[in-house]
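Analysis of the macromolecular model
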There are 2 protein chains.
Amino acid sequence: MQSRPKITNNIRHLRFTSNEMSQNTLASKVGVTRQTIATIEKAKYYPTLELAFLIARVFNREISDVFKFEFEN
Amino acid sequence: MQSRPKITNNIRHLRFTSNEMSQNTLASKVGVTRQTIATIEKAKYYPTLELAFLIARVFNREISDVFKFEFEN
DNA sequence: ACATTATGTAAATAATTTTTAACATCTGGA
DNA sequence: TCCAGATGTTAAAAATTATTTACATAATGT
């Protein structure tokens, strides 16, 4: 993997529409630290496939509903 | 992330039904080395979300069609 | 005013993924 | 037979993701 296409996510929005779930609550549901959630929300780096699956499951969504890959062409 | 649930994939099957695409060809299409594809096919480790998206796109599939998360419970 | 909760951010370290290089076997075709 | 392509595997190094600790601000409620 070289270039680094953009992956956006709507975790923040999903948290607030899920009974205003805090970063902390989401973090413990998927077994990571709060900072990991915060950093992923801000898209400073991309989660592993495993973590992406876990997060999507918390919100009862598909990965592709939570994370959007921006294909440039 | 701690426990390590299982994620399986059908990359190998998709390669063969896609004009018998070799590991090498898939690797260069997504910009990684052949060894990375081989190791992911054997599920020795899980790809990043980014690589998962790229692989799914090569086969015109959704991530959830290529990778299956085994939820225990 | 004080305590608590939520969030932002940074730095060092740990863990995992990816690369590179090497060598192996197997198969098909020239 | 010989060569090339495809795949398996291993080991060390590089790159990326995740953890931990720490300190910061803002908002809310008592």
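Being a predicted model, the structure only gives us computed values, none of them experimental.

Side note on the protein's contact with DNA strand D
Neighbouring DNA strand D are 23 residues, the closest being Gln 35 and Thr 36 of chain A together with Met 1, Arg 15 and Gln 23 of chain B. Of all DNA strand D atoms lying within 4 Å of any protein atom, the proportion belonging to sugar or phosphate reaches 67%. A distance of 3.2 Å is found between a phosphate oxygen of DNA strand D and a backbone nitrogen or oxygen belonging to Thr 33 of chain A. Sorting the residues of the surface near DNA strand D by element identifies helix H3 (34-41) of chain A together with helix H1 (11-17) and helix H3 (34-41) of chain B as the ones contributing at least two each.

A closer look at the pairing of strand S1 (residues 6-9) of chain A
Residues and elements named next belong to chain A. Of the two faces of S1, the one holding Ile 7 and Asn 9 is buried and the one holding Lys 6 and Thr 8 is not buried anywhere. Sheet topology places S1 next to strand S2 (residues 67-70); four bridges connect them, and they run antiparallel. Counterpart to Ile 7 in the pairing with S2 is Phe 69.

Quick look at helix H4 (residues 49-58) of chain A
Residue and element names in this part refer to chain A. With eight of its 10 residues buried, H4 lies for the most part within the structure. Within the sequence span of H4, burial applies to Leu 49, Glu 50, Leu 51, Ala 52, Phe 53, Leu 54, Ile 55 and Ala 56. The first or second residue beyond H4 is Asn 60, which carries a positive phi of 55°.

A closer look at the pattern of salt bridges
Residues and elements named next belong to chain A. Inspection of every chain in the model, using the stated rule, returns four salt bridges over all chains. The salt bridge involving Glu 41 is made with Arg 12; its shortest N-O contact spans 2.8 Å. One end of the pair, Glu 41, is in helix H3; the other, Arg 12, is in helix H1 (residues 11-17), with 29 residues separating them in the sequence. Looking at Arg 12, the relative accessible area reads 45%, which means it is partly exposed.

A look at the packing of aromatic side chains
Under the criterion given, the structure shown has two aromatic pairs over all chains. For the pair Phe 53 of chain A and Phe 69 of chain B, a centre-to-centre distance of 5.0 Å together with 65° between the ring planes defines the contact as edge-to-face. Taken together, the residues Phe 53 of chain A in helix H4 and Phe 69 of chain B in strand S2 (residues 67-70) connect one chain to another. Relative accessible area serves as the criterion here: at 9%, Phe 53 of chain A is assigned to the buried category.

Digging into the environment of Arg 34 of chain B
All names here are of chain B. Inspection of the secondary structure assignment puts Arg 34 in helix H3. For the pair Arg 34 and Ser 22, spaced 12 residues apart in sequence, the C-alpha to C-alpha distance is 9.2 Å. In contact with Arg 34, not counting residues within four places along its chain, are Gln 23, Asn 24 and Ala 27.

Rules behind the numbers
Residues numbered from 1 in each chain as written. Chains lettered and ligands numbered in written order. Predicted model: local features only at pLDDT ≥ 70, side-chain atom pairs only at ≥ 80, totals over all residues. Heavy atoms only, no water. Near = heavy atom within 4 Å. Polar contact = N/O pair within 3.5 Å; in protein donor to acceptor, adjacent residues only side chain to side chain. Helix = DSSP H or I, 4+ residues; strand = E, 2+ residues; numbered from the N terminus. Buried < 20%, exposed > 50% of the residue type's maximum accessible area, 1.4 Å probe, protein only. Pairing = 2+ DSSP bridges. Salt bridge = Lys/Arg side-chain N within 4 Å of Asp/Glu carboxyl O. Phe/Tyr/Trp six-rings, centres within 6.5 Å; stacked < 30°, edge-to-face > 60°. Contact = heavy atoms within 4.5 Å.

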